Amino acid sequence: MIKLVNLSKNFGSKEAVSNLNLEIKDGEIFGLLGENGAGKTTTLRMLATMLKPTSGNAIINGYDSVKNDEKVRENIGILFGGETGLYDRLTARENIEYFANLYDMEKSKIKKTIENIVKIFNMSDYIDKRTSIFSKGMKQKTAFARATIHNPSILLLDEPTSGLDITAAKQVHDFIKSYKHENRTIIFSSHSMDEIEKLCDRIAIIHKGKTIEIGTLDEIKKKYNNNNLSDIFSDLISKGGNDYEY
Ligand SMILES: Nc1ncnc2c1ncn2[C@@H]1O[C@H](COP(=O)(O)OP(=O)(O)OP(=O)(O)O)[C@@H](O)[C@H]1O
Ligand SMILES: [Mg+2]
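So, here is what we can say about the structure in this document.

**Re the sheet that holds strand β2 (residues 14–24)**
Here's step 1: What the 4 strands build is an open sheet, ordered β2-β1-β4-β5; its pairing is antiparallel. Looking along the sheet, the strands with just one partner apiece sit at the ends: β2 and β5 (63–64).
Here's step 2: Of the strand pairs in this sheet, strand β4 (residues 55–60) and β5 are connected by 2 bridges, and their pairing is antiparallel. Bridge pairing in β5 links I59 to D64.

Here it is as structure tokens:
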């Protein structure tokens, strides 16, 4: 389970994330929806132990992101769009293996997991090529493989399909859906309503660092008596959003 308790982050005088309170259950696919600059990446970076909150806590499977940061990192897989952090001189397979070795995984298990990912993402043509020559989508799929090689119970994904073509995006969607089995949890940010509608069990709409709505898509659509998530989103944002009562 993931718990955000009064989670806040200031950059100087700028309040990027302001008193977020959220509970994300095991086995949920949870979407963060918000305009540019709403605070989605900052929230995910705090959950990922990459950034210290100014105040409040992020608790991941019972571990505090600051006090037990190492434990948190064992429990999560992270993928932040644009920052794939792959080693250019290594092949895709070597990149994935390098990461797997950090987790002391057995060689046979690594081999099997890579085989499975190569199949899902259709990477057989380039799994043994150096990543320096890869397109954006090829890099993103390699980064996905690397982020999930240790089979973490929680995946934190910042705009996981940004810049991918339709086929690659669908492969990522299928992977996210299949990853949810075994009660694993996925939190991701997205600007695609289509993606949010396809994948999410629940969503939070974030505006200016605050949660202005939380619920399942059905709950939110019923509440606003509107079947179009884009319209609901735009209306809420244009009104400036009310603080969601948690
Ligand atoms: N390292 C930083 N230093 C200063 N300000 C920052 C920093 N990182 C983020 N911010 C500010 O915090 C706010 C939230 O940014 P964040 O990247 O979390 O938004 P976002 O919801 O991910 O937006 P996008 O959809 O564009 O990715 C923005 O006003 C941004 O300028
Ligand atoms: Mg962002």
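Read on, since the account is not over.
**Focus: helix α9 (residues 229–238)**
An α-helical segment advances 3.6 residues per turn. Residues three or four places apart therefore align on the same side.
Here's step 1: By the burial criterion, the buried members of α9 are L229, I232, F233, L236 and I237. Buried residues in α9, looked at end-on, bunch into an arc of 125°, giving them a common side.
Here's step 2: Contacts from the buried residues of α9 go to β3 (29–34), α7 (193–199), β9 (202–207), β10 (210–215) and α8 (217–223).
Here's step 3: Just downstream of α9 lies G240, where phi reads positive at about 85°.

**Digging into the pairing of strand β6 (residues 76–80)**
Here's step 1: Among the 5 residues that make up β6, 4 are buried, leaving the element largely enclosed by the rest of the structure.
Here's step 2: Pairing of β6 with strand β7 (residues 154–158) involves 5 bridges; the strand directions are parallel. Its bridge partner being in β7, I76 is matched across the sheet by I154.

**A word on the side chain of N75**
Here's step 1: Its place among the elements puts N75 in helix α2 (residues 69–75).
Here's step 2: Here N75 falls in the buried class, since its relative accessible area comes to 15%.
Here's step 3: A polar contact of 2.8 Å, which involves the side chain of N75, links it to the side chain of N61.
Here's step 4: Within polar-contact distance, the side chain of N75 engages the backbone oxygen of K71 at 2.7 Å.
Here's step 5: What N75 contacts, discounting residues up to four positions off in sequence, is I60, N61, Y63, P152, S153 and I154.

**Here we look at the packing of aromatic side chains**
Geometry of an aromatic ring pair is reported as the spacing of the ring centres plus the angle between the planes.
Here's step 1: Per the stated rule, a full pass over the model turns up 7 aromatic pairs.
Here's step 2: Where F121 meets F144, the ring centres are 5.7 Å apart and the plane angle is 65°; that geometry is what we call edge-to-face. Taken together, the positions of F121 in helix α4 (residues 107–121) and F144 in helix α5 (residues 136–148) put the pair 23 residues apart, joining distant regions of the chain. Here F121 matches F144 in class, with each residue buried.
Here's step 3: Here Y126 and F134 contribute two aromatic rings whose centre-to-centre distance is 5.1 Å and whose plane-to-plane angle is 75°, an arrangement assigned as edge-to-face.
Here's step 4: For Y126, a relative accessible area of 9% gives the class buried.
Here's step 5: Here F134 falls in the buried class, since its relative accessible area comes to 7%.
Here's step 6: Members of the aromatic cluster, joined through ring pairs, are F121, F144, F175 and Y179.

**Describing the sheet that holds β6**
Across a sheet, paired strands are connected by hydrogen bonds in the backbone, their directions being either parallel or antiparallel.
Here's step 1: Taken in spatial order, the 6 strands line up as β6-β7-β8-β3-β9-β10 in an open sheet, and their pairing is mixed. Each edge of the open sheet is held by one strand with a lone partner, namely β6 and β10. Across this sheet, the average inter-strand angle for adjacent strands is 15°, counted without regard to direction.
Here's step 2: The pairing of β7 with strand β8 (residues 185–190) spans 5 bridges and is parallel.

**A few points about the packing of helix α3 (residues 92–102) against α4**
Here's step 1: Two elements in contact, α3 and α4, have axes whose closest approach is 11 Å; the angle formed by their N-to-C orientations is 135°. Looking at the two axes, α3 sits oblique to α4. By crossing handedness, the relation of α3 to α4 is classed as right-handed. Mapping the contact onto sequence places R93, I96, E97, A100 and N101 in α3 and K107, I110 and I114 in α4.
Here's step 2: Residue composition of the contact of α3 with α4, grouped by class: 4 nonpolar, 1 polar and 3 charged.

**Things to note about the site of ligand 1**
Here's step 1: Inspection of the region around ligand 1 gives 13 residues, with G37, K40, T41, T42 and H191 positioned closest.
Here's step 2: Between ligand 1 and N36, the relevant distance is 2.9 Å, taken from an oxygen atom to a side-chain nitrogen or oxygen of the residue.
Here's step 3: Within the side chain of T42, a nitrogen or oxygen atom sits 2.5 Å from an oxygen atom of ligand 1.
Here's step 4: The protein chains hide 63% of the 640 Å² of surface that ligand 1 would expose on its own.
Here's step 5: Elements that contribute at least two residues to the shell around ligand 1 include exactly β2 and α1 (40–47).
Here's step 6: Counted by class, the shell around ligand 1 contains 3 nonpolar, 6 polar and 4 charged residues.

So, how was this worked out
Residues numbered from 1 in each chain as written. Chains lettered and ligands numbered in written order. Predicted model: local features only at pLDDT ≥ 70, side-chain atom pairs only at ≥ 80, totals over all residues. Heavy atoms only, no water. Pairing = 2+ DSSP bridges. Helix = DSSP H or I, 4+ residues; strand = E, 2+ residues; numbered from the N terminus. Buried < 20%, exposed > 50% of the residue type's maximum accessible area, 1.4 Å probe, protein only. Arc of directions from axis to C-beta. Contact = heavy atoms within 4.5 Å. Polar contact = N/O pair within 3.5 Å; in protein donor to acceptor, adjacent residues only side chain to side chain. Phe/Tyr/Trp six-rings, centres within 6.5 Å; stacked < 30°, edge-to-face > 60°. Axes fitted to C-alpha atoms, helices over the stretch in contact; angles between N-to-C directions. Parallel < 35°, antiparallel > 145°, perpendicular 65-115°, else oblique. Left-handed = near helix turned anticlockwise from the far one by under 90°. Nonpolar A, V, L, I, M, F, W, Y, C, P; charged D, E, K, R; others polar. Near = heavy atom within 4 Å. Areas by Shrake-Rupley, 256 points an atom, 1.4 Å probe, with all protein chains shown as cover.

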